Amino acid sequence: MSVCCRRAIAIGILAVGLTASAQTAAPTATPQVTPPSPQQRMQEMMAFFKSHYAKHEYRVAMRDGAKLYTVVYTPIAGEFEDKGPYPFLMSRTPYSCGSYDNDTVQPRVTQNMDMLKSGYILVCQDVRGRWESEGTWFEMTPSKDGKGIDESTDMYDTVDWLLKNVSGNNGNVGILGISYPGFYTAASIVDGHPAIKAASPQAPIIDLWMGDDAYHGGAFMLDANHSFYAPFYAPQKNPLKVEPKNDFDFGTKDMYAYYLKMGTLAKLDSPAGGTNAYFHDQVVHTTYDAYWQARNLGPHLHGVKAAVMAVGGWFDAEDLAGPVKVFHSVARLSPEAAADTLVEGPWVHGGWSRGNGASLGDIQFGSNTAEFYRTMIEAPFFAHYLKDAAWTPLPKAYTFETGSNVWKKYDAWPPKQAVAKTIYFQANGGLGWTAPTEKSSKDEYVSDPAHPVPFTQYVAEADVPQRYMDDDQRFATRRSDVLVYETEPLTEDITVVGPVRPVLKIASTGTDSDFVVKLIDVFPEDYKDPNEADEGKHVTSGTPVFMQGYEMMVRGEPMRAKFRDSWEKPEALVPGKVTSVDFTMQDVNHTFLKGHRIMVQVQSSWFPLIDRNPQVFVDIAKAKPEDFKKATETVFHQADAASGLELLVMPKRQ
C-alpha cells in the first residue's frame, strides 16, 4: 500500500535482453555506472514540467454533487514535437495530488520521461473523501455494479467533464496508477466511459485479504500494515490541504524486537500501538468475511472496453497478487476489452517506474529491465491506444524470467505448454521428482512463538525491506526450527512458471499452526561471481557477500492451518492427527540453471513479516500473552503421506 518503495536501485548494467530464446548461465562483469540519484532525477523532471506544462485546478462535480479535486496539466504550445490535440493521461489517488491553490507544478501521473516528452494532458484526481475532494472515503470502495456511486461512476463523470471543459484534447483517455492508485485504475474501468482507450493497473490492490496487502494464507501481514497505518495513513477530515502531524514513534529501528515486545495484535490495536480506524478494520476482520468479500474487485471487472496492461514485479513485497488477478478477471468477465496483457519484471513495488531495474539486493538481472519496460513497453502501449501510433502488438504475457535473465513472450499465462509436476520431500533432507516409498518417514521441529524465525538476517526497520523477496536464506537453513529439503545439483535447466502449490501432510501438538514454505534457488559452490570483492582474510569494510552457495528465495508464502478447508470458517487442528494443508503461492517465472539446486524450506513463523500464531485455536486479534504456546510440528514424507510442491514446468529447450 505504500506510495512507493523507498529503496533505490544503485547499479546500472547496460545490456538489455530482448529475446525469448537467449539464456544467461552467469552474469558477466560490466562497468559500474552510477545512475542519477532520485533527487537529481526529480530535479530534472521538475525543470521539464515547469517549462512544458501549465497547471489548472478544478473541483469537478460528480452526479451526487460531491466535488473532487482535479488538477490538469496542459502542454504549453510550441514546446512539443507533437502539436496536438492531446489525449488525457490520468491517475486517481488517495495519497494527494500535491500542492493546492498555487502555481507549483508537480504532476504525479507518471515518471516515464518518454511519455512526458511526447505530450499528454496530465490529470491527477484526489479520490472521493481524501485530501481536497469531498465525500466519504472507504477502504477499497466496494463496486456497486451500476446500482450506485462508486469509483467507476466517479471516473465516468470526471471523463465526461474533462472532454467537455479542457480544450485541445483528442477525445481519448488513458489511466494508470501504482499500488492504491492501481486499484483505482482497475476500479475506474468497470463499465467504463467509452473514451477510456487504455488502462494500466500497476501493482493494483485487488483482494486485500486474499494474498494481498492485509493477509496471506490467513496470516496477517504485520509489519507492512502496522508501519503503514500507525505513522502514516489515517482518517482525514477533508477537504484538506496539509497533512496533519503524526507523532507516532516506534522508539527503535529493530522491528523484530519492537513487535516481539508489543506482544499481541490487541496491544497494537490500541493507543500504545498508534492504531486508527483503518488499522482496526485490518486487525479485527481475521477471516474472509463479508467486509473483505465486498472489497474484492476481481468479480466486478465487467464492461471493460479499454486495452488493459496489468503490470507487476516478481519481487513486489506488497501487491504481488493484483496484476495476475486483474489479467485473469478481465479475460473472464470482459472478453470484449481491446487488449488484456500481463507484464511482469524482476521488480520491487513500483520498481518499473523508477531506477534501472538491474538488481535487487545481491541478485543481478543482467540488464536495465525497468528502463527497457518504460521505453519499449509502457510508452508504446499508451502512444498506440491514445495517439494511434504504429507499434508491434504486445504478447498476451510479457514476462522476465529470473535465473536465466531474459524477457519472454507467451500467448497465455501460465504458458499452455507448461506441465504440472510434483517435487517431493524425501528422507534425510532430499528433494526429488519421484514420490517417497518409505512406510514411515517424517521430520519434526519445535515452533516457539517466543523465539520466532525472522524474515531477514539483518535488523529491519519499519519499512519492510524490499530486498527480502530474493534474499539469501542461509541464515534460516541453520535454525533447528526450519526444515530443509534439497535436490542434487541439476543436470539441466528447469524453468518453473505460474503458481506454486505446496501439498503438505502435517501433524501438530497445537490446535493451530502456520506453515511457511519457501522455494529457493541454491547457487553452486563453484559459482563465478564477477562482482565479488577481493577482501582477503582481513575484512575491514562491510561484510562481503559471497554468491557461492547463495540461497536465493524465489517465492515464499505462509499458510495458517486453521484455514485449510475454508477461508470463512476456520477449524482447529486435532493434536497429533495427520492433516492435509494444501495452498497456492504467488506466481513465478524462474529458471533453476544447470548446476544449481532446488531447495524448499518449511517453518512455522516468519516474524515480523507475519503475525505470530499462538498455536492455539483462538481469534488471534483477541489473543492474550498466555495463549502463545510451543508446538511440535511434524511434516511427513512417506508413501501414504507424501509432501511436496506442485510446479508448472516448461518443456526442455530444444
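For clarity, every value in this text was computed on a predicted model and none was experimentally measured. (Residues numbered from 1 in each chain as written. Predicted model: local features only at pLDDT ≥ 70, side-chain atom pairs only at ≥ 80, totals over all residues. Heavy atoms only, no water.)

1. Considering the packing of aromatic side chains
Thinking step 1. For the structure shown, the criterion picks out 58 aromatic pairs.
Thinking step 2. Between the NZ or CZ atom of Arg295 and the centre of the ring of Tyr291, over which it lies, the distance is 3.9 Å.
Thinking step 3. One cation-aromatic arrangement involves Lys387 over Tyr120; the distance from NZ or CZ to the ring centre is 4.6 Å. (Phe/Tyr/Trp six-rings, centres within 6.5 Å; stacked < 30°, edge-to-face > 60°. Lys NZ or Arg CZ within 6 Å of the ring centre and 35° of its normal.)

2. Things to note about unusual backbone geometry
Thinking step 1. The omega angle of the peptide bond from Gly84 to Pro85 is 0°, so this bond is cis rather than trans.
Thinking step 2. Looking at the secondary structure, you find Pro85 in the loop between β2 (67–75) and β3 (86–93).
Thinking step 3. Each neighbour pair has its own omega, and for Asn238 with Pro239 the value is 0°, a cis peptide bond.
Thinking step 4. Tracing the chain through its elements places Pro239 in the loop between α5 (222–229) and α6 (255–262).
Thinking step 5. Phi is positive for Asp145, which is not a glycine, with a value near 55°.
Thinking step 6. As for its position among the elements, Asp145 is in the loop between β4 (121–126) and α3 (151–165).
Thinking step 7. Here Asp145 falls in the partly exposed class, since its relative accessible area comes to 33%. (Helix = DSSP H or I, 4+ residues; strand = E, 2+ residues; numbered from the N terminus. Buried < 20%, exposed > 50% of the residue type's maximum accessible area, 1.4 Å probe, protein only.)

3. Some points on helix α11 (residues 369–387)
Thinking step 1. When the terminal C-alpha atoms of α11 are compared, their 25 Å separation across 19 residues agrees well with the 27 Å that a helix rising 1.5 Å per residue should span.
Thinking step 2. Taking the largest bend as the criterion, α11 deviates by roughly 30°, centred on Ala379, and proline Pro380 comes between one and four positions later. (Expected span 1.5 Å × (residues − 1). Bend = angle between axes of the 7 residues up to and from the residue.)

4. Looking at the pairing of strand β9 (residues 307–313)
Thinking step 1. Counting buried residues in β9 gives seven out of seven residues, a clear majority hidden from the surface.
Thinking step 2. Judged by which residues are buried, β9 turns out to be covered on both faces: Ala307, Met309, Val311 and Gly313 on one side and Val308, Ala310 and Gly312 on the other are all buried.
Thinking step 3. Across three bridges, the pairing between strand β6 (residues 196–202) and β9 is parallel. By the bridge assignment for β9, Ala198 is matched with Ala307.
Thinking step 4. Pairing of β9 with strand β10 (residues 339–345) involves seven bridges; the strand directions are parallel. In the sheet register, Met309 faces β10, and the bridge partner there is Thr341.
Thinking step 5. Once you follow β9 into helix α10 (residues 322–333) and on to β10, the crossover reads as right-handed. (Pairing = 2+ DSSP bridges. Right-handed = clockwise from strand over helix to strand, strands pointing away.)

5. What about the pairing of strand β5 (residues 169–178)?
Remark: a regular strand shows side chains that alternate across the two faces of the sheet.
Thinking step 1. By the criterion of burial, β5 is predominantly enclosed, with seven of the 10 residues buried.
Thinking step 2. Direction of pairing for β5 relative to β6: parallel, over a ladder of six bridges. Residue Val173 lies in a different strand from β6, and its bridge partner there is Ile196.

6. Overview of the side chain of Lys518
Thinking step 1. On the secondary structure map, Lys518 appears in strand β20 (residues 514–522).
Thinking step 2. The side chain of Lys518 sits in the buried core without any salt bridge; Glu551 is the nearest counter-charge, 7.7 Å away.
Thinking step 3. Polar side-chain contacts of Lys518 include one of 2.8 Å to the side chain of Gln473.
Thinking step 4. Reaching out from Lys518, the side chain makes a polar contact with the side chain of Gln603 at a distance of 3.0 Å.
Thinking step 5. Contact partners of Lys518, with chain neighbours within four places excluded, come to Gln473, Ala476, Met553, Arg555, Gly556, Met599, Val600, Gln601, Gln603 and Trp606. (Lys, Arg positive; Asp, Glu negative; His and termini not counted. Salt bridge = Lys/Arg side-chain N within 4 Å of Asp/Glu carboxyl O. Polar contact = N/O pair within 3.5 Å; in protein donor to acceptor, adjacent residues only side chain to side chain. Contact = heavy atoms within 4.5 Å.)

7. A word on the packing of α5 against helix α8 (residues 277–284)
Thinking step 1. One way to put it is that α5 packs onto α8 with a least axis distance of 9 Å and a crossing angle of 160°. Judged on the interaxial angle alone, α8 and α5 are roughly antiparallel. Relative to α8, the crossing made by α5 is left-handed. Touching Asn225, His226 and Tyr229 of α5 are Tyr278, Phe279 and Gln282, all from α8.
Thinking step 2. Each residue belonging to the contact of α5 with α8 can be placed in one class, and the counts come to three nonpolar, three polar and no charged. (Axes fitted to C-alpha atoms, helices over the stretch in contact; angles between N-to-C directions. Parallel < 35°, antiparallel > 145°, perpendicular 65-115°, else oblique. Left-handed = near helix turned anticlockwise from the far one by under 90°. Nonpolar A, V, L, I, M, F, W, Y, C, P; charged D, E, K, R; others polar.)

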